[in-house]
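Chain by chain, the residues run as shown.
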Amino acid sequence: MNLRTKVLLPFVLIALVLLLFLYGYWTPRHIVDLKHEYQQATERHLVSVVEGLIPLLLAHQLDAVYENLDTLKQRNVNWLSIRLLNGDGTKIYPLVPQPPVANDREIHAMEQPVRYQDTDLGKLIVDVDFDEPLKDLHIRHHQLLGITSLVILLSIGIIWLVIERMVSRPVADLAQASKRLAEGDFAAQLPPVQHDEVGELVKNFDQMRLSIRGYQAELITRNESLNKLFHAVEQSPVSIVITDRNGIVEYVNPKFNDVMGYGPGEMLGKDILILKAGTEAAPDFEAIWQEILSGKTWRGEFQSVRKNGKLFWQFASLSPIQNDKGGITHAVALLEDISERRALEDQLRQAQKMEAVGLLTGGIAHDFNNILSAIIGYGSILRMKMAAGDPLRNNVDEILHASERAAALIRSLMAFSRKQVANPTNVNVNECINRMEKLLLRTLREDIEFRTMLHRASLTIFIDPVQMEQVLINLATNARDAMPQGGSLIIETARVRLDERFRIRHGEAAIGTYVMISVSDTGIGMDKKTQEHIFEPFFTTKEPGRGTGLGLSMVYGIVKQNNGYINCYSTPGKGTTFKIYLPMVAAPRETLPTEPVFEIQRGTERILLAEDDEPLRKYTKTILEEAGYTVVEASNGIEAVERFKERPDAVDLLLLDVIMPKKNGKEAYEEIRRTRPGIKVLFTSGYTAELIGQQGMLNNHVNFLSKPCTPNELLGKVRAVLESSVQAFFQ
Ligand code: ADP
Ligand code: MG
């Protein structure tokens, strides 16, 4: 039942009661009273009339009697008949006979004793018609009743209306508004404010609405920022863990589960310390935790363990979480998997080490080369000049022999430091391996099985075939040494594409298509520590006399020189795999002519020799002069040009060191060629890989002689150039 009905109901009840009272009680009573009053009034009139009537009757003045009776009518006594009865009740005198009247009329016979001078004469009976006057009364009464009821209903209606306007309607509107408010509509229209309690209610309600709206807006913004924070944490690329003060995990983000291998919710309630691996120099987490609880933060790297037991490195930032009052209630840990970074750092360190060692080795090898050239040269001259039966000839042979060994060593070092002079050409890797099979089998023993798994399509790389062979022989030799009890050696080739992933994993590599050559053995393998050093020159684990420690450093240098990459995968006791990646040549380039065979010949031509290293120049000059040539000397490029200009037509061959002060060999040659375009030239260098090999200055090694060289090599090359129709030219 709503308020309006509730308010209306008492009013309806009051109206009903009032009307019931009016019609049911008051009206009948009132009518009885009126009747009674009329009766009494009639009686009083009768008395007064009767008193005056007696003497008149006795005097028989009937006219006067009737006149008196008429006064009754004037007094609203509607008599019908009047009789005079004597004492015994008999009729004495019908003054006015009774006219016939309808039965249903209310006729009252009113008696009045008639006395005269203390004598009872009888009684006067007047039949009075009550109907007529009462009817009048009734009408008036009903009029009054109607007006009263109307007034009652009207006032109740007005009171109700006032209450409706002042109370019910505002309250109902307020109720409606509160309902909409409850449904979340804060713009609900409120009833107009009045200056009473309802108005107060409306005002307070509106105040409440505004504050709730404010709170709601604040809540929404708070919620939004909380949501933002939550999503940031949930989608963070860093693992995030929140623990209580005791290190019991209360929250981990999905990244954490991803990295650690836990399922959702699995870590909750566990101790955060289960993440640490109890290995190598782990930080003191007990102490760290105390620091955190005292409000400090900790950052550091530690070895962590995944659910599957695998170890890896993580970088952690641990910090306390304080509540509003400054108390530490929780701790948060940000964890980042840094295995890749650490691996890259290791690789970088390794590369830098190799670079430094390479520079040092290259420098030494270069200088040593020149010295060695002189030793071999003069030794050779000495030997040439000795008589066949000279007792000292043996000693000279020993010197030359030792020098050759030293030269071989230097060549290995040059290979490592990428200073080896290379004559790259297109090499079909599969063909090369097949061709080498015999040679490799000779390197291996019988208890070693040799297998190849070659890519079905042909794979071409641009490399000096000699270098390719050096690489394979060295790897095979190492494999053999690693399998003293026998085993198998497998050489595999494939075409691979090195992508961003390879670069990330190995810290280097230009993206592109490569030929992969893998050499695997089932030998003793190596531990991590050994693997860190294998490419260093002179690193060997073999007993003295068995290993030089130069094999892998040569392989490394050659691979690097050819813009390739080499990786080693090894497990102690299981075996080792070396994987070499060399850039693949898409369409085989035109191959260069094969190396001509030189024969040692003498000559009488005039040679302009430019060489900055004096002993070496002297040595070369001696050999050439011994062989019958005329030699013009120059100690640098500028001098060479000057010497040439002294007698331009007399010079048959330029023998130029590539690297010289003031003007290098190439520049000197360019200048001379302007005067004599067709002039023949032979370049020499012990340090030419960078200038000639890498920059591609020379395209035909007929015109190039690498130092150190034997006199035979020198003379052979000089002869070949002099007799060839091939002209030296730069690309
Ligand atoms: P050397 O063979 O003269 O020792 P290398 O440079 O060829 O020098 O090799 C260096 C070291 O690398 C070897 O002494 C050996 O310890 C290790 N090594 C190389 N290849 C293998 C292999 N296939 N298996 C196990 N160890 C190897
Ligand atoms: Mg070796």
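Residues numbered from 1 in each chain as written. Chains lettered and ligands numbered in written order. Predicted model: local features only at pLDDT ≥ 70, side-chain atom pairs only at ≥ 80, totals over all residues. Heavy atoms only, no water.

**Q** Would you take a moment to explain the packing of aromatic side chains for this structure?
**A** The relation between two aromatic rings is expressed through the spacing of the ring centres and the mutual angle of the planes. This model, assessed by the stated rule, comprises ten aromatic pairs. Among the aromatic residues, those joined into a cluster by ring pairs are F416, F535, Y556 and F578. Between the NZ or CZ atom of R306 and the centre of the ring of F312, over which it lies, the distance is 3.8 Å. A cation over an aromatic ring shows up here: R342 above the ring of W313, its NZ or CZ 3.6 Å from the ring centre. (Phe/Tyr/Trp six-rings, centres within 6.5 Å; stacked < 30°, edge-to-face > 60°. Lys NZ or Arg CZ within 6 Å of the ring centre and 35° of its normal.)

**Q** What is the right way to read the site of ligand 1 from this model?
**A** With respect to spatial proximity, 18 residues lie near ligand 1, and among them D521, T540, T541, K542 and G549 are the closest. Within the contact set of ligand 1, an oxygen atom lies 2.8 Å away from a backbone nitrogen or oxygen of L552. Protein burial of ligand 1: of its 530 Å² of free accessible surface, 95% is covered by the chains. Looking at the shell around ligand 1, the elements with two or more residues in it are α10 (465-482), α13 (551-561) and β16 (575-583). Element by element, the count of residues in the shell around ligand 1 is highest for α10, at three residues. Class assignment of the residues belonging to the shell around ligand 1 gives a composition of seven nonpolar, nine polar and two charged. (Near = heavy atom within 4 Å. Polar contact = N/O pair within 3.5 Å; in protein donor to acceptor, adjacent residues only side chain to side chain. Areas by Shrake-Rupley, 256 points an atom, 1.4 Å probe, with all protein chains shown as cover. Helix = DSSP H or I, 4+ residues; strand = E, 2+ residues; numbered from the N terminus. Nonpolar A, V, L, I, M, F, W, Y, C, P; charged D, E, K, R; others polar.)

**Q** In this structure, what is going on with helix α1 (residues 3-58)? I would like to understand it.
**A** One turn of an α-helix holds 3.6 residues; hence residues three or four places apart share an orientation. Between its first and last C-alpha atoms α1 spans 80 Å; for 56 residues at 1.5 Å apiece the expected length is 82 Å, and the two agree. Of all the bends in α1, the largest measures some 40 degrees and sits at W26, one to four residues before the proline P28. One or two residues past the end of α1 sits H60, with phi positive at roughly 55 degrees. (Expected span 1.5 Å × (residues − 1). Bend = angle between axes of the 7 residues up to and from the residue.)

**Q** Could you clarify how one ought to interpret the nonpolar core in this entry?
**A** When a protein is soluble and globular, its nonpolar side chains tend to lie buried together. The biggest cluster of nonpolar side chains holds 41 residues, and the ones touching the most others in it are L489, I517, F578 and I580. Dropping the residues within four chain positions of it, L489 is found in contact with L444, I448, E449, F450, R451, A476, A479, M483, V519 and S520. Grouped together as the second largest cluster of nonpolar side chains are 26 residues, L46, L69, L95 and F130 included. (Core = buried A, V, L, I, M, F, W, Y, C linked by side-chain atoms within 4.5 Å. Buried < 20%, exposed > 50% of the residue type's maximum accessible area, 1.4 Å probe, protein only. Contact = heavy atoms within 4.5 Å.)

**Q** Before we go on, may I ask you to explain the side chain of R393 in this structure?
**A** With respect to the element layout, R393 can be found in helix α8 (residues 393-416). An unpaired buried charge is present at R393: no salt bridge exists, and D397, the closest side chain of opposite charge, is 4.7 Å distant. (Lys, Arg positive; Asp, Glu negative; His and termini not counted. Salt bridge = Lys/Arg side-chain N within 4 Å of Asp/Glu carboxyl O.)

**Q** Can you help me understand unusual backbone geometry in this one?
**A** Only a minority of non-glycine residues have a phi that is not negative, and only a minority of peptide bonds are not trans. Positive phi, close to 70 degrees, is recorded for F538, a residue that is not glycine. Residue placement: F538 occurs in the loop between α12 (528-531) and α13. Among the residues examined, F538 registers a relative accessible area of 46% and is labelled partly exposed.

**Q** Please clarify how the side chain of E536 should be interpreted in this entry.
**A** Following the sequence through the fold, E536 ends up in the loop between α12 and α13. With a relative accessible area of 14%, E536 lands in the buried category. Here the side chain of E536 touches H533 through a polar contact of 2.9 Å, side chain to side chain.

**Q** Where do I start with the domain arrangement of the chain in this structure?
**A** Note on interface size: it is often stated as the accessible area lost on association of the parts. Assigned domains of the chain: these are domain 1 (3-136), domain 2 (236-337), domain 3 (423-588) and domain 4 (606-723). Using only C-alpha atoms to locate each centre, domain 2 and domain 3 end up separated by 43 Å. (Domains from an automatic or database assignment.)

**Q** Please explain the sheet that holds strand β14 (residues 512-521) as it appears in this structure.
**A** Two orientations exist for strands paired in a sheet by backbone hydrogen bonds: parallel and antiparallel. As summarised here, the arrangement of the five strands in space is β11-β13-β14-β16-β15, forming an open sheet in which the pairing is mixed. Edge positions in the sheet fall to β11 (448-453) and β15 (565-571), since each of these pairs with one other strand and no more. Across the sheet, the mean angle separating the axes of adjacent strands is 15 degrees when strand polarity is ignored. Looking at chain direction, β15 and β16 are connected through seven bridges and run antiparallel. Along β16, the bridge assignment pairs S570 with T576. Each of β11, β13 (487-498) and β14 touches helix α9 (residues 429-443); the most contacted strand, β13, lies at about 165 degrees to it. (Pairing = 2+ DSSP bridges. Axes fitted to C-alpha atoms, helices over the stretch in contact; angles between N-to-C directions.)

**Q** Before we go on, may I ask you to explain the sheet that holds strand β19 (residues 653-657) in this structure?
**A** Ordered by their spatial adjacency, five strands build an open sheet running β18-β17-β19-β20-β21, and the pairing between neighbours is parallel. Taken across any chain shown, the strands that pair with only one partner, and hence form the sheet edges, are β18 (630-634) and β21 (704-706). On average, adjacent strands in this sheet sit at an angle of 20 degrees to one another, irrespective of strand direction. One ladder, built from five bridges, connects β19 with strand β20 (residues 680-685); its direction is parallel. Bridge pairing links L655 to L682 in β20.

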